[in-house]
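# Fold and contact review
Spelled out from the first residue to the last, the chains are:
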Amino acid sequence: MPPTTNRSRNTERFLVLLLVLLAALLYLHNLGVRSLWGSEGRWAEIAREMHETSDYRVPRINGTPYRDKPLLSYYMITAMTPVTGGKVTEWTARLPSALAALAAVLLLYLLGRHLYDPTTALISAFLLATSFYLIYWGRAASADVITMTGVLLSLLFFLYYEKSSHPLWFYLFFLSMAANSLTKGLLGFVLPLVVIVPYLAIRKEGGRLRNRHLLPVVLLSLGVYFLPFLIDPGPGGAGRSLYLVFRENIVRFFAPFDHKEPIYFYFYEIFLVFAPWALFLPGAIRHLCRKREKRQGNLFVLLYFSALFLFFTLSGSRRSYYLLPLFPAAALFVGKMWSDRIAQREERGPLGTEVILPGGVLALIFATAAALLLFRPEFLQPYEVFSLKLHGTAVLLSAVGLTAGTVLFIRRKGTAAVVIFLLVIGAGEIYYNEVVVPEMETYRGLRPFCKKVNAMKIPRERLAVLHQWRQGNLYFYLKQIPIRRIEQPKEARVFLSDPENRLIVEGKDFREIGGRDNLRILLSEALPPFKKDDGERFFLVSGNQGVTIQ
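Throughout what follows, the structure given in this document is the object of discussion. (Residues numbered from 1 in each chain as written. Predicted model: local features only at pLDDT ≥ 70, side-chain atom pairs only at ≥ 80, totals over all residues. Heavy atoms only, no water.)

### Some details on the overall build of the protein chain
Check the secondary structure of the protein chain and you find 21 helices and 7 strands. Taken against the 2.2 N^0.38 rule, which gives 24 Å for 550 residues, the C-alpha radius of gyration of the protein chain at 26 Å falls within 12% of a compact globule. In terms of overall dimensions, the protein chain has a C-alpha envelope of 90 × 65 × 45 Å along the principal axes. Once local pairs closer than 6 in sequence are excluded, the contacts in the protein chain between residues at least 24 apart make up 72%. As displayed, the protein chain offers around 24,500 Å² of accessible surface, 63% of which is attributable to carbon and sulfur atoms. Between the mean site of the 63 positive side-chain charges and the mean site of the 41 negative ones, the protein chain shows a separation of 6 Å. (Helix = DSSP H or I, 4+ residues; strand = E, 2+ residues; numbered from the N terminus. Rg over C-alpha atoms; globule rule 2.2 N^0.38 Å. Contact = heavy atoms within 4.5 Å. Areas by Shrake-Rupley, 256 points an atom, 1.4 Å probe, with all protein chains shown as cover. Lys, Arg positive; Asp, Glu negative; His and termini not counted. Charge placed at Lys NZ, Arg CZ, Asp CG, Glu CD.)

### A closer look at the sheet that holds strand 4 (residues 484-486)
Taken together, the 5 strands give an open sheet; going across it, the order is 4-3-5-7-6, and neighbouring strands pair in mixed fashion. A single partner strand is all that each edge strand has here, and the edge strands are strand 4 and strand 6 (519-524). Here the average twist between neighbouring strands, direction ignored, is 35°. Pairing analysis gives 3 bridges linking strand 3 (residues 463-466) to strand 5 (residues 502-506), with the strands arranged parallel. From the neighbouring strand, Leu463 faces strand 5, where its bridge partner is Arg502. Relative to the sheet, helix 21 (residues 489-496) contacts strand 3, strand 4, strand 5, strand 6 and strand 7 (538-543), its axis offset from that of strand 4 by approximately 125°. (Pairing = 2+ DSSP bridges. Axes fitted to C-alpha atoms, helices over the stretch in contact; angles between N-to-C directions.)

### Quick look at the packing of helix 7 (residues 144-164) against helix 8 (residues 167-181)
Here helix 7 crosses helix 8 at 165°, and the two axes come no closer than 8 Å. It follows that helix 7 is roughly antiparallel to helix 8 by the angle criterion. For the pair helix 7 and helix 8, the crossing hand works out as left-handed. Listed contacts from helix 8 to Ile146, Thr147, Gly150, Val151, Leu153, Ser154, Phe157, Phe158, Tyr160, Tyr161 and Ser164 of helix 7 are Trp169, Phe170, Leu172, Phe173, Ser176, Met177 and Asn180. Broken down by class, the residue content of the contact of helix 7 with helix 8 amounts to 12 nonpolar, 6 polar and no charged. (Parallel < 35°, antiparallel > 145°, perpendicular 65-115°, else oblique. Left-handed = near helix turned anticlockwise from the far one by under 90°. Nonpolar A, V, L, I, M, F, W, Y, C, P; charged D, E, K, R; others polar.)

Given below as structure tokens:
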């Protein structure tokens with residue numbers, strides 16, 4: 001084998017190793033530092049209650065069944081507990097998402113190499129790894145990144161089957177869809193087929209899915225999917241769980257009951273969620289569409305992106321993170337365009353709209369953010385408890401680096417430009433995770449509040465919470481299973497008529513139980529100095545002795 005080939009392969013291996021190290025740093029380091037936020041608490045608390053009660057058949061929050069999502073994502077969390085001494089922690093709750101994000105980066109490298117070439121594969125994988133939104137959700141306890149990775153894995157299995165026709169890939173394709181559907185819902189089946197069916201129809205190869213293996217693999221996949229429903233011992237059993245599947249997937253698509261956004265929502269949201277690389281996306285799509293040579297890879301990537309985008313747009317229920325399954329295709333768009341620029345395969349004409357304009361806009365956005373952080377206008381003054389000058393300097397350095405990368409593109413030094421862009425954004429995200437997030441965490445009060453409540457060792461019969469049916473974060477940190485939950489204000493007032501009882505309540509609900517004047521505030525969640533409204537702050541209260549709460 002020629003020495004040049006050996007050198008190129010060694011270089012590729014080194015870059016793949018660098019990719020893995022960067023992705024591991026972005027997704028795994030300090031994963032448990034941040035306390036749980038938002039919907040994370042539901043995944044963490046359900047997994048904790050499963051593990052502590054040894055009941056893995058029904059997901060529960062504070063002892064109440066919560067069947068909105070399938071079981072597999074919770075099992076992934078509990079499977080991590082041996083690493084943390086048999087406990088569900090913030091780290092174990094987030095680890096499945098982080099590992100899924102890391103796997104997606106490597107799978108996209110394999111997909112890019114299969115469809116195009118090593119350069120496109122590496123650039124696309126680096127772009128995916130450094131996407132802000134993927135890092136955000138890849139470091140969160142949820143099933144959304146797992147779903148994205150599952151769709152990518154299914155599509156890769158199908159392309160391997162298309163190339164070799166070996167039945168193993170056919171079985172892996174269907175079984176991966178079944179397993180993925182057990183993490184978030186029927187999207188595990190629907191999304192890969194939304195891409196593959198039109199892909200085969202355009203190529204007039206629909207018969208590829210119709211073969212002697214189709215019936216057994218479909219039956220096997222359905223068996224894998226329905227098995228967890230059959231073991232549900234709760235009221236209604238499998239029927240109740242399957243109804244929720246219908247409600248969360250079919251009803252939500254055609255007649256949404258929440259998350260209602262305008263039909264054009266994703267046309268602008270994609271530029272926010274696929275930041276910072278979304279600015280290059282229009283030029284990259286144009287670049288791929290006008291390619292003279294007709295390549296199988298171009299058709300597949302275009303369908304990968306456009307079919308999923310159309311599917312989510314037609315759905316009545318719309319949320320920004322629903323677009324995560326599009327990210328690998330979007331990264332391939334930009335990666336292919338940059339790869340062609342590096343190889344000098346394109347004329348100079350469209351360089352401005354494809355690279356220079358978006359690169360300049362990105363540098364301008366960072367420069368504007370740096371100016372705001374450094375000069376601190378009036379609306380930022382409440383946030384001066386943070387190291388705004390330090391953060392502004394970091395953002396300014398990023399703006400300088402992005403400007404340098406754009407200039408290098410103008411001078412047709414594509415390799416150096418791409419390296420600088422990736423280094424600048426990657427370094428910025430490492431800075432955010434390692435510096436900004438720990439600083440922000442010092443002003444989050446729920447975890448310290450619950451720790452103080454636990455230290456008071458309040459007898460179980462003396463402690464209750466008002467409302468908070470889905471507030472998994474609160475129950476996760478209070479650690480008891482279950483805690484008495486009160487829904488009716490009248491019941492809460494009766495409970496507080498005994499001054500020995502303790503109630504956890506949000507500030508916005510004080511009026512329901514008689515107002516502050518009739519209560520003793522024993523403990524309160526810390527209020528950040530930049531926040532004025534304590535409506536969502538938790539308080540531990542008791543009734544005033546001798547005062548009847550009306």
